[in-house]
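Inside the fold
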Amino acid sequence: LLNDFLKTELKELIEILKIYPCKILIGSAGSFETFAAMCENNIGKNSFSTPSYLFDIKELNKVLHYLEKSTLAERRINASIIPLRVEMIVPAAIITKLILQMLVPQEVYLSTFALKEGVLVNFINQIKNNQAKKN
């Protein structure tokens, strides 16, 4: 049901991707940090300590499948999932899984910088560019 809704809502994106295929997917912060923590845990590591993380796409798909099938109780006891994400990680996993199926990227990265940091950096750069043009 959610997949059908998303496919309808993302119809324009799907059409654009046919013209401009995407080879790299970058997820920012939040749910992608949880996915990375779970991937690392699955391969026997405790954490990642870099502002970017390259996913093993097969491992990411395993995590997404697990999340989609998991119960709330299973997610609550999973040390890789912070309490804030326990309830909303399933829709995030479903959306991410669908995006991966649509894009079929060659690489998937996590940037631990959230959207708000990116917007702030862009805004600061625009101010600097405007000031440089005036001088």
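Going by the structure above, here's the rest.
The sections below set out a description of the structure shown in this document. (Residues numbered from 1 in each chain as written. Predicted model: local features only at pLDDT ≥ 70, side-chain atom pairs only at ≥ 80, totals over all residues. Heavy atoms only, no water.)

1. Some remarks on the overall build of the chain
A count of helices and strands for the chain gives seven helices and three strands. Considering only C-alpha atoms, the chain reaches an extent of 60 × 35 × 25 Å along its principal axes. Among the 135 residues that make up the chain, the fraction classed as buried is 32%. Once local pairs closer than 6 in sequence are excluded, the contacts in the chain between residues at least 24 apart make up 75%. Here the chain has roughly 9300 Å² of accessible surface; of this, 58% comes from carbon and sulfur atoms. Here the chain contributes 16 positive and 13 negative side-chain charges, whose respective centroids are spaced 4 Å apart. (Helix = DSSP H or I, 4+ residues; strand = E, 2+ residues; numbered from the N terminus. Buried < 20%, exposed > 50% of the residue type's maximum accessible area, 1.4 Å probe, protein only. Contact = heavy atoms within 4.5 Å. Areas by Shrake-Rupley, 256 points an atom, 1.4 Å probe, with all protein chains shown as cover. Lys, Arg positive; Asp, Glu negative; His and termini not counted. Charge placed at Lys NZ, Arg CZ, Asp CG, Glu CD.)

2. Thoughts on the pairing of strand 1 (residues 24–28)
Here strand 1 shows a clear split, with L25 and G27 buried on one side and none of I24, I26 and S28 buried on the other. Sheet analysis places strand 1 next to strand 3 (residues 107–111), joined by five bridges and oriented parallel. If you follow S28 over to strand 3, its bridge partner there is S111. (Pairing = 2+ DSSP bridges.)

3. What to know about the packing of aromatic side chains
For the structure shown, the criterion picks out three aromatic pairs. Between Y53 and F55, the aromatic rings sit 5.0 Å apart at their centres with planes inclined by 85 degrees, giving edge-to-face as the arrangement. Of the residues examined, Y53 reaches a relative accessible area of 11% and is grouped as buried. Here a set of aromatic residues connected by ring pairs shows up, and it is made of F32, F35, Y53 and F55. (Phe/Tyr/Trp six-rings, centres within 6.5 Å; stacked < 30°, edge-to-face > 60°.)

4. Notes on the pattern of salt bridges
Applying the stated criterion across every chain, the model contains three salt bridges. One salt bridge connects K18 with E15, and the closest N-O pair in it is separated by 3.2 Å. Remark: E15 and K18 occur in helix 2 (residues 11–19); sequence separation between them is three residues, near one turn of the helix. Look at E15 and you get partly exposed, because its relative accessible area is 41%. E59 is paired through a salt bridge with K62; the nearest N and O atoms lie 3.8 Å apart. Residue E59 and its partner K62 are located together in helix 4 (residues 57–69), separated by three residues, close to a single helical turn. K62 sits in the exposed class, given a relative accessible area of 52%. (Salt bridge = Lys/Arg side-chain N within 4 Å of Asp/Glu carboxyl O.)

5. Section: the nonpolar core
Of all hydrophobic cores here, the largest spans 25 residues; its most connected members are L25, F32, F35, F55, L60, L67 and V108. Those elements that place two or more of their residues in this core are helix 3 (30–42), helix 4, helix 6 (89–103) and strand 3. Ranked by the residues each element gives to this core, the list is headed by helix 6, at eight residues. With residues up to four places along the chain from it excluded, the contact list for F55 reads F32, F35, A36, C39, L60, V108, Y109 and L110. (Core = buried A, V, L, I, M, F, W, Y, C linked by side-chain atoms within 4.5 Å.)

6. Thoughts on the packing of helix 1 (residues 2–9) against helix 6
Running from amino to carboxyl end, helix 1 crosses helix 6 at an angle of 55 degrees, the nearest separation of the two axes being 11 Å. Regarding the angle of helix 1 to helix 6, the classification is oblique. Here the hand of the crossing between helix 1 and helix 6 comes out right-handed. Residues L2, N3, L6 and K7 of helix 1 touch helix 6, and the partners they reach there are P91, I94, I95 and L98. Looking at the contact of helix 1 with helix 6 residue by residue, the class counts come to six nonpolar, one polar and one charged. (Axes fitted to C-alpha atoms, helices over the stretch in contact; angles between N-to-C directions. Parallel < 35°, antiparallel > 145°, perpendicular 65-115°, else oblique. Left-handed = near helix turned anticlockwise from the far one by under 90°. Nonpolar A, V, L, I, M, F, W, Y, C, P; charged D, E, K, R; others polar.)

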